[in-house]
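# Structure assessment
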Amino acid sequence: MSRALSSELLKLRTTRTFYALVGSSLGLVLLIVGLAAALDNNWEGNSTPPSIDLLGIAFLCQLFALVLGILAVTSEFRHGTITPSLLAVPSRTRLISAKLAVHLGAGLLFGLATVVLILVLSSAIFSLRDIDNSVGGSELLKVGLGNAFSIALYAALGVGIGAVVRNQVGAIIGALAWIFVIESLLTIIPGFEDTITKYGLGGVAGGLSGSDEFTDGGELLAQVPAGLLLAAYVAIFVIAGTVLLKRRDISA
Amino acid sequence: MAQAIDVQGLSKRFGDKLAVDDLSFSVEFGRIVGFLGPNGAGKTTTLRALLGLIAPTGGTATIVGQPFTSLSDPAGTVGAVLDGGMFHPGRSGRNHLRTLARASGVSDARVEELLELVQLKQDGRRRTKGYSLGMRQRLGLAAALLGDPRVLVLDEPANGLDPQGIRWLRDFLRALAAEGRAVLVSSHVLAEVAQTADDVVVIHRGRSILQSSLPELLAQHAGGTRVAGPDVGRLAELLRADGAAVRAADGDGSIVVSDRDGVQVGRMIAANAIVISELAPVAQSLEDVFFELTGTQGGPA
């Protein structure tokens, strides 16, 4: 297993995909955070410290992590590298497990980096502008880790989705359409709105990120149950993807 | 000891198409076996089933007595170059080999050794999207050799190679077999394996239609001797009386004696004082043999 892990880690590091996705998402997030912290004048009198508020922008990195996870599996099918990969690691369960572990780990580091950079940048700007930004240590830990874990779990979810769908474009478009379009459309169904808001993919990630303004109102799940539910979604896709991969003929 | 490769009663059905139909053959260590058939005959399906990538509908395919997926050291047992992309276009050739080396527990030093061997040292840092077809084939070969395997499976390795590359590959495969390794190499062009293979397995529409050593195949399908001249009619009668198989060659009045060589026919001519203008061995091309066996015609499929 450690050989497969080491191989997957090197695969992640040896194409530009990883650097491009992480770099562009961090650049985008920091740009938005920087502009909001520097230009917005409505921070005073807010119930949550402004830096904690701005951590919400980290959700953009969730989407990039999701795409990263999808690419980990679908690019193997797209370029036919699945054949040499399976010749080196014949157990398909082991191959997917290694991808899952590597992307969970890389996603967590990516998430922590996102959180730290947002906090450092926004705190620096707020202190220059003399805006009160006193953040309690426990809240910082809760929201920071919540955001980092939701990014890690989205990367893992991407691996599962990629294994189920295999087609690169289809998997990415399908996953983004689900999050941005289909979940919103489902909330139109009467009596379904609260369920989707609370238990949908976007909702559980929001709950896991732990921002109080929503969880207090009961619209979202509390952090731990939200995290467990998101992990369960990941497990469903990864297990389904592994079962399908074991049954499929690899002919390209 | 178990056969290097043993395929027994292998079948594979895709939907309503039987791609491989009750196919059996084996490959011994130290031998190069040419796996021949026209495009679509089921060669690639067979090789993929052998390597655990395709689940057979029936029968077994084993490497050193075990199914591929049960091998404890797959990279050290069998290496394969299969048809298709196989590389991420944005990853360098060297890094491609390194990712596979890590998965197989092979050192990076071995990667450098192989880059040298397949003459890709200079281009190792380049991304594979800039590689020529020949460079891709050589990179694929390097990947197959990572674990120093005793069995090699190559699907159409000569595709895209220039004549020098084909010659290099031929010498290379001969050297590997001389070291006691087993090599199974598929092709749809008989001439490609004719100078390399010890044995041939010819398949058509998923079924085995011929398995023999290459010299036997050539002997069975040797072309015979062609004779032209004013008196070939009398010669044909004499040869037939002697029990030879004689047929008229196409149109020009000459005859072909398929089971007598030039010396035997020459003696007959001399003994009977027959005048001839031409006596020449007929080289039936290997392609013709192949087409005859598979019942297909030359030209684009």
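Residues numbered from 1 in each chain as written. Chains lettered and ligands numbered in written order. Predicted model: local features only at pLDDT ≥ 70, side-chain atom pairs only at ≥ 80, totals over all residues.

### Here's the deal with the overall build of chain B
Check the secondary structure of chain B and you find eleven helices and 13 strands. Seen through its principal axes, chain B has C-alpha atoms that stretch 75 × 45 × 40 Å. A burial count over chain B gives 43% of its 301 residues as buried. For chain B, contacts bridging at least 24 residues in sequence account for 69% of all contacts bridging at least 6. (Helix = DSSP H or I, 4+ residues; strand = E, 2+ residues; numbered from the N terminus. Buried ≥ 20, exposed ≤ 12 C-beta atoms within 10 Å, placed from the backbone. Contact = placed C-beta atoms within 7 Å.)

### Side note on the overall build of chain A
Of regular secondary structure, chain A possesses twelve helices and zero strands. Listed by position from the N terminus, the elements making up chain A come as α-α-α-α-α-α-α-α-α-α-α-α. Computed over its C-alpha atoms, the radius of gyration of chain A comes to 19 Å, within 12% of the 18 Å expected for a compact globule of 252 residues. Projected onto the principal axes, the alpha-carbon positions of chain A cover approximately 60 × 45 × 30 Å. A fraction of 79% describes how many contacts in chain A between residues 6 or more apart in sequence connect residues 24 or more apart. (Rg over C-alpha atoms; globule rule 2.2 N^0.38 Å.)

### Describing the interface of chain A and chain B
Contact residues are listed per partner, giving 25 residues for chain A and 29 residues for chain B. Counting residues per element, the ones that place at least two in the side of chain A that touches chain B are helix H1 (2-13), helix H2 (16-39) and helix H5 (82-88) of chain A. Among the elements that line the side of chain A that touches chain B, the one with the most residues is H1 of chain A, at six residues. Residues that form the side of chain A that touches chain B fall into these classes: ten nonpolar, eleven polar and four charged. (Nonpolar A, V, L, I, M, F, W, Y, C, P; charged D, E, K, R; others polar.)

### A few points about the sheet that holds strand S10 (residues 225-228) of chain B
All names here are of chain B. Pairing in this open sheet of four strands is antiparallel, and the strands run S11-S12-S10-S13 from one edge to the other. Among the strands making up the open sheet, the edge pair consists of strand S11 (246-248) and strand S13 (278-281). When the angles between neighbouring strand axes are averaged without regard to direction, this sheet yields 20 degrees. Bridge count between S11 and strand S12 (residues 255-257): three bridges; the pairing is antiparallel. Note that in S12 the partner of arginine 247 across the bridge is valine 256. Running over the sheet, helix H9 (residues 232-241) touches S10, S11 and S12 and is turned about 25 degrees from S12. Taken strand by strand, helix H10 (residues 262-271) contacts S10, S12 and S13, and its axis lies near 160 degrees from that of S13. (Pairing = 2+ DSSP bridges. Axes fitted to C-alpha atoms, helices over the stretch in contact; angles between N-to-C directions.)

### A word on the packing of H1 of chain A against helix H6 (residues 92-128) of chain A
All names here are of chain A. Contact pair H1 / H6: the axes reach a minimum separation of 9 Å and the direction vectors enclose 55 degrees. What the angle tells us is that H1 and H6 run oblique. The handedness of the crossing between H1 and H6 comes out as right-handed. Contact residues: Ala4, Leu5, Glu8, Leu9 and Leu12 in H1; Arg94, Leu95, Ala98, Lys99, Ala101, Val102 and Ala106 in H6. Grouping the amino acids of the contact of H1 with H6 by side-chain chemistry returns nine nonpolar, no polar and three charged. (Parallel < 35°, antiparallel > 145°, perpendicular 65-115°, else oblique. Left-handed = near helix turned anticlockwise from the far one by under 90°.)

### Section: the packing of helix H10 (residues 201-209) of chain A against helix H12 (residues 223-247) of chain A
All names here are of chain A. H12 packs onto H10 with a crossing angle of 140 degrees between their chain directions and a minimal axis gap of 7 Å. On the basis of the axis angle, H10 is oblique to H12. In the crossing of H10 with H12, the sense of the turn from one axis to the other is left-handed. Across from Leu201, Val204, Ala205, Gly207 and Leu208 in H10, the residues of H12 making contact are Gln223, Ala226, Gly227, Leu229, Leu230 and Tyr233.

### Examining the domain arrangement of chain B
In terms of domains, chain B is made up of domain 1 (5-219) and domain 2 (222-283). On a C-alpha basis, the centroid separation for the pair domain 1 of chain B and domain 2 of chain B is 44 Å. (Domains from an automatic or database assignment.)

### Focus: H6 of chain A
Relative to the 54 Å expected for 37 residues at 1.5 Å per residue, H6 of chain A spans 54 Å between its end C-alpha atoms, a close match to the ideal helical length. Where H6 of chain A terminates, the next one or two residues include aspartate 130 of chain A, which has phi positive at roughly 55 degrees. (Expected span 1.5 Å × (residues − 1).)

### A few points about the UniProt feature "transmembrane region" (unreviewed entry) in chain A
Residue and element names in this part refer to chain A. In the UniProt entry, the feature "transmembrane region" (unreviewed entry) is given for residues 18-39, 51-73, 100-125, 145-165, 172-192 and 224-245. With 83% helix and 0% strand, the stretch residues 51-73 has end C-alpha atoms that lie 35 Å from each other. End-to-end, the C-alpha atoms of residues 172-192 are 26 Å apart, and along that stretch the chain is 71% helix and 0% strand. (UniProt positions renumbered as here; feature names shortened; annotations may be inferred.)

### A short note on the nonpolar core
Generally speaking, soluble globular proteins have nonpolar side chains that are buried together. Judged by nonpolar contacts, the single largest core of 140 residues is most densely connected at Leu50, Ala142 and Val153 of chain B. Per-element accounting of this core gives the leading share, 15 residues, to helix H7 (residues 137-165) of chain A. Residues within four places of leucine 50 of chain B in sequence aside, it is in contact with Ile5, Val7, Ala61, Ile63, Phe68 and Val153 of chain B. Grouped together as the second largest cluster of nonpolar side chains are nine residues, Leu239, Ile255, Val265 and Ile269 of chain B included. (Core = buried A, V, L, I, M, F, W, Y, C linked by C-beta atoms within 7 Å.)

### Points about the pairing of S10 of chain B
Residue and element names in this part refer to chain B. Of the pairings in the sheet, the one linking S10 to S12 comprises three bridges and is antiparallel in character. Along S12, the bridge assignment pairs valine 227 with isoleucine 255. Pairing of S10 with S13, which is carried by four bridges, proceeds in the antiparallel orientation. Paired with valine 227 across the bridge in S13 is leucine 279.

### A closer look at the confidence of the model for chain B
On average, residues of chain B carry a pLDDT of 88, and 94% of them reach 70 or more. Interface confidence for the predicted complex, given as ipTM, is 0.90, next to a pTM of 0.86. (pLDDT = per-residue confidence, 0-100.)

### Looking at helix H4 (residues 108-117) of chain B
All names here are of chain B. Buried residues of H4: Val111, Leu114 and Leu115, and no others. In an axial view of H4, the angular spread of the buried residues amounts to 105 degrees, which keeps them on one side of the axis. In this structure, H4 carries Ala109 and Glu116 as exposed residues pointing more than 90 degrees from its buried face. As for H4, its buried residues are in contact with helix H3 (93-104) and helix H5 (133-145). Taken from the residues just after H4, glutamine 119 is the one with a positive phi, measuring 60 degrees. (Arc of directions from axis to C-beta.)

### Topic: the confidence of the model for chain A
Summarising the model, chain A shows a mean pLDDT of 91, and 96% of its residues fall at 70 or more. For chain A, helix H11 (residues 212-215) of chain A is the element with the lowest average pLDDT, namely 54, and H12 of chain A is the one with the highest, namely 96.

### A look at the environment of glutamine 195 of chain B
The topology assignment puts glutamine 195 of chain B in the loop between helix H7 (190-194) and strand S8 (199-204). The spacing of glutamine 195 of chain B and arginine 174 of chain B is 21 residues in sequence and 9.8 Å in space, taken between C-alpha atoms.

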